[in-house]
Amino acid sequence: MLEIKKLNVSVEENKILNDLTLSIKTGEVHAIMGPNGSGKSTIAHTLAGNPNYRVESGSISFNGSDLLDMEPTERSLDGLFLAFQYPIEIPGVTNASYLRQILNSHRKHQGKDPIDAAEFLKLLKEKSAYLKIPMEMHSRFVNTGFSGGEKKKNEVLQMDLLDPKLIIMDETDSGLDVDALKVTADAVNQMKSKNRSLIIVTHYLRLLEYIKPDFVHIFQNGKIIESGDSSLASRIDKEGYE
Amino acid sequence: MSKDQCLISINGFNSTIENLSSFISITKAEDFITNKVLDIEIDKSENAQRINLTLNSSSTDLIDFEINLTLNEGAILEFVDESNYSNNSNIRLITQLHKNSCFELYKLNSYNNENTNKFYHNCSLLENSTFKDYSFSNGSKENFSKTIINLDDVNSRYLGSGVSINNSTNSDTEIEIRHNTKSASSDCYFKTVAKGSSKVNFDGTIFVDNYCSKTISNQVSKGLLIGKESKINLVPKLEIYNDDVECSHGAASGQPDKNTLFYLTSRGISKEEAEQIYVEGFLSEFFETIDNASMAEKAKNFINLNT
Ligand SMILES: Nc1ncnc2c1ncn2[C@@H]1O[C@H](COP(=O)(O)OP(=O)(O)OP(=O)(O)O)[C@@H](O)[C@H]1O
Ligand SMILES: [Mg+2]
């Protein structure tokens, strides 16, 4: 699914990722932990193609294609999804119309007709009920004035709508209350499948206890310093990174 | 068509005026095309009167005329111009709003980037009269619009909302608001989008004379630059000669936020569509401020069509 080799990435003259190598097979769930500023969001944004992150060297292959050759739009349409640590507010654009547009971009790519208003509303009601998102939120502007937790839930909703092949969740659990965390974990577990891979960036054991990753990697200074199974997450939780 | 309406249609060298309201009187209509002047007077009525102006022409003749509009005491008028201007034009509107009258002007106009289009409006407001001025335009080769508002008596109010969407077109908008009385208010909001190689100018002048205490006046202008070669120049000018006023103004222009565009593309939306969504978001507040639901819908369509 994903093959990252000797990746070096800079942000505004600062080198952040150092020779990062990581391989993820289809169906696997990988967790990434690591101290603040260690480069977790940097790899997440580099995978999604954020132009602020400059790839100096190395390669990323995604389902056999050269990911670094693809525009962000193309990456998304080919099944990559990044749930942002800090979702962006878009004033003036209602969440409902935004969600419908992103869904329709994907449908168009799949050669399907745009979803009609009634069908979309039904789908939105279904998915929102499952994630305990009030429908009222969709008539507000995208993420604008949403609480931290509401923004994160909105990311999970988009992930669910777009049905991606590779999911990268950047601290989606931060800011969620205990109930919302459980709902989110359930949603993620539902999405676990042998055709889909997940990368879960988190600081907390709690989400990982629900989701049970196959691998846990520890980031430091822009590279993986240790990898293991889920027991590594428990150890970090007890002992810290020092 | 419901009653209480007047349709003015100007088609090349022909004009038809269909007046179905007893509250609207029109003089000089017979030889309007030769005289190029139309005098319209609106009387007080319970419901708003409505004038629909349509201009149609396939020829390249200059559309050139003047309307003198008077709203008598207590009159309520909605004036709607949804024309697509395929000609050069030079239109002048002179408006007198008497006591307690209310005038809503909706201009939703598409122009064409080969033409020169001029619109001049001079509006004087008497006691407790209100003018709501909505203008949506897409610019032309030379698109010049000048509005002069004279707030001549107490409690007169001006609410102006202007949107100019330019796609390798040019537009030059001047709004001069003259507070010639105490206790009058004005709110002016202008937003523009410049795509391709557009050039947009906006001059907003607020003048408050020395005897005009208790004046409230706000002006905001914002520009969104989409094309690398486009230019936006927003110039607020304040001439305030009284201390007892509440005035604010702000002008800002810039490019779309990169993080927002990335967020949109990371969800599978193309770069072009992402920009369009951004522009729609930027302009959306305008159709939300229009109380009249059908006009709000039209403004929304105009924005969708031109972005
Ligand atoms: N635009 C930027 N300009 C300068 N430095 C940046 C920029 N963006 C990120 N960095 C730096 O890159 C480093 C890695 O940041 P990154 O966001 O990847 O950390 P992280 O592991 O996700 O941290 P956290 O756990 O706090 O989310 C940090 O030192 C950060 O300050
Ligand atoms: Mg981070």
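All values derive from a computational prediction rather than experimental measurement. (Residues numbered from 1 in each chain as written. Chains lettered and ligands numbered in written order. Predicted model: local features only at pLDDT ≥ 70, side-chain atom pairs only at ≥ 80, totals over all residues. Heavy atoms only, no water.)

*Asks:* Could you give me a rundown of helix α4 (residues 293–306) of chain B, with the residues and numbers involved?
*Replies:* The α-helix winds at 3.6 residues per turn, so residues separated by three or four positions along the chain end up facing the same way. All names here are of chain B. In this model α4 runs 20 Å from its N-terminal to its C-terminal C-alpha over 14 residues, within 8% of the 20 Å that 1.5 Å per residue would give. Along α4, the positions that sit buried rather than exposed are Met-295, Ala-296, Ala-299, Phe-302, Ile-303 and Asn-306. Seen along its axis, α4 keeps its buried residues to an arc of 120°; they face one direction. Facing away from the buried side of α4 by more than 90 degrees, the exposed set consists of Ala-293 and Leu-305. The N-cap of α4, judged by a side-chain oxygen 3.3 Å from the amide nitrogen of Ser-294 a few residues on, is Asn-292. (Helix = DSSP H or I, 4+ residues; strand = E, 2+ residues; numbered from the N terminus. Expected span 1.5 Å × (residues − 1). Buried < 20%, exposed > 50% of the residue type's maximum accessible area, 1.4 Å probe, protein only. Arc of directions from axis to C-beta. Polar contact = N/O pair within 3.5 Å; in protein donor to acceptor, adjacent residues only side chain to side chain.)

*Asks:* Summarise the interface of chain B and chain A; cite the residues concerned and give the values.
*Replies:* Across the contact, 18 residues belong to chain B and 33 residues belong to chain A. For the chain B and chain A pair, buried surface summed over both sides reaches about 1900 Å², with 61% attributable to carbon and sulfur atoms. Broken down residue by residue, the surface that chain B buries against chain A is led by Phe-262, Tyr-263 and Arg-267 of chain B, which jointly contribute 42%. The tally of links between chain B and chain A comes to two salt bridges. (Contact = heavy atoms within 4.5 Å. Buried area = accessible area lost by both parts, 1.4 Å probe. Salt bridge = Lys/Arg side-chain N within 4 Å of Asp/Glu carboxyl O.)

*Asks:* Tell me what's going on with the coordination of the magnesium ion (ligand 2), and back it up with residues and numbers.
*Replies:* The magnesium ion (ligand 2) binds to the protein through Ser-41 of chain A (OG) and Gln-85 of chain A (OE1), with metal-donor distances spanning 2.0 to 2.1 Å. Taken as a pair, Ser-41 of chain A in helix α1 (residues 40–48) and Gln-85 of chain A in the loop between β6 (80–83) and β7 (90–94) lie far apart in primary sequence, 44 residues in all. (Donors = N, O, S within 2.8 Å, 3.2 Å for Na, K, Ca; no water.)

*Asks:* So what about helix α3 (residues 271–289) of chain B? Which residues, and what values?
*Replies:* All names here are of chain B. In this model, α3 (19 residues) spans 29 Å end to end at C-alpha, consistent with the 27 Å of a helix rising 1.5 Å per residue. A bend of about 40° at Leu-283 is the largest found in α3. Taken together, the buried positions of α3 are occupied by Ala-274, Ile-277, Tyr-278, Val-279, Gly-281, Phe-282, Leu-283, Ser-284, Phe-286 and Phe-287. (Bend = angle between axes of the 7 residues up to and from the residue.)

The values are spatial; any link to function lies outside them.
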